[in-house]
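# Tertiary structure, described
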Amino acid sequence: MLIFECPYCGVKAEETELHAGGEAHLTRHGAGASDDDLKSYLFMRKNPKGVHFERWQHANGCGKWFHAARCTMTLEVFGTYSAQTFEPPAELVKKIKKKRPDWEGWT
Amino acid sequence: MSNAVSALEGASYQGFAQVREMGLQGMITLRGDFDNAIFKKTLKLISGCNVPALRELNHSKSGTVVWMSPDELLVLCAYDKAQVVTEKAVKQFAKTHSMAVNVSDARAVFTITGNGAREVIAKLAPVDMAAFKKNEIRRTRLAQVPAAFWVSDDDQITIVVFRSVAQYVFDLLKTAAAKGGEVGFIY
Ligand SMILES: [Zn+2]
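All residue numbers refer to position in the chain's written sequence, counted from 1. In the order they appear in the text, chains get letters beginning with A and ligands get numbers beginning with 1. The predicted origin of the model limits local features to residues at a pLDDT of at least 70 and limits the giving and counting of side-chain atom pairs to 80 or more, whereas totals for whole chains, interfaces and linings rest on all residues. Each side-chain value is worked out from all heavy atoms of the structure, with water and hydrogens disregarded.

Attention now goes to the domain arrangement of chain B. Residues and elements named next belong to chain B. The split into domains, and so the bounds of each, comes from an automatic or database assignment of domains. Assigned domains within chain B: domain 1 (12-22 + 106-176) and domain 2 (26-105). Tallying the contact residues gives 11 residues for domain 1 and 15 residues for domain 2. Criterion for a salt bridge: a side-chain nitrogen of Lys or Arg within 4 Å of a carboxyl oxygen of Asp or Glu. The interface formed by domain 1 and domain 2 includes 2 salt bridges. We note a salt bridge from Glu-136 to Arg-55, for which the minimum N-O separation is 3.5 Å. Here a polar contact means two N or O atoms within 3.5 Å. Within protein one must be a hydrogen donor candidate and the other an acceptor candidate, and residues neighboring in sequence count only if both atoms are side-chain atoms. The interface formed by domain 1 and domain 2 holds 8 residue pairs in polar contact (both at pLDDT 80 or more) in total. What counts as a helix is a DSSP run of H or I of at least four residues, what counts as a strand is a run of E of at least two, and both are numbered from the N terminus. Going through the elements one at a time, strand E8 (107-113), strand E9 (137-142) and strand E10 (145-153) are the ones with two or more residues in the side of domain 1 that touches domain 2. Throughout this entry, Asp, Glu, Lys and Arg are counted as charged residues, while Ala, Val, Leu, Ile, Met, Phe, Trp, Tyr, Cys and Pro are counted as nonpolar. The remaining residues, Gly among them, count as polar. Partitioned by chemical class, the residues of the side of domain 1 that touches domain 2 number 6 nonpolar, 1 polar and 4 charged. Contact definition: two residues touch when any of their heavy atoms are within 4.5 Å.

Next up on the list: the pattern of salt bridges. Residues and elements named next belong to chain B. Scanning all chains against the criterion turns up 12 salt bridges over all chains. Between Glu-72 and Arg-139 there is a salt bridge, with the nearest N and O atoms lying 3.9 Å from each other. Pair noted here: Glu-72 is in strand E6 (residues 72-77) and Arg-139 is in strand E9, with a separation of 67 residues, a long-range link. When accessible area is computed with a 1.4 Å probe and restricted to protein chains, residues below 20% of their type maximum are described as buried, those above 50% as exposed, and intermediate ones as partly exposed. A relative accessible area of 22% places Arg-139 in the partly exposed class. Lys-134 is paired through a salt bridge with Asp-154; the nearest N and O atoms lie 3.5 Å apart. In this pair, Lys-134 sits in the loop between helix H3 (117-122) and E9 while Asp-154 sits in the loop between E10 and strand E11 (156-162), placing the two residues 20 residues apart along the sequence.

Below, the structure written as structure tokens:
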């Protein structure tokens, strides 16, 4: 069971209160984009075994979208953070690197 | 003027706790920036309250305000005043990026009363009801539908749900409160 602390309402929400929104920090290529860019935006995902940055919505709760970093293999949660950002907070990245020295980084 | 009725017209059930649909309740949703001066002034004007702290309620003689999200509040008032009060807020909000909507007829309100009130909720929602504080509001789910609730008295919990699921929620609460179903763990 995944438990995320919603950064907007402070509730420690378990999975059944949440809605998964897939990989975070994608660049949204739209009209006028090259075929390759559009293809990568629509279909290409990292799908790692390990550290993953994701979007989640506190659907049965305050309704807000937020970001979360977790391990897809162990389900360890590294942290949650605001949706109003293009990249994970430096502090969180540092924390994950310390825990997983072999991790290749978030980009 | 049409004859307004609530979803279940005051239906009630007596199990180890009492479940009651509370009839007509004025409810106004406000959305906006809590730090905005006009927003704060309007809230005070229509409810007599300041913006509540995170996941809390504020009360005054003229109303109650419930924290719903970082940009959403629910104002509780008398049913027959809700429309006038909403229009007042809308007028105040004319030049701000804020919103007021009368949702009284789109919601249903229940109470659970009795020693086992927390236990009834604990069976249906992923919330630690033993640690749930008075004056705390929680938006979550009851079985399969969204709900909001708070402790409104020492042995009473008030629940707000969408009107369309009122019967479903009443049936859920009845089952969870049925005599013989006491767990006796949370008081
Ligand atoms: Zn939340």
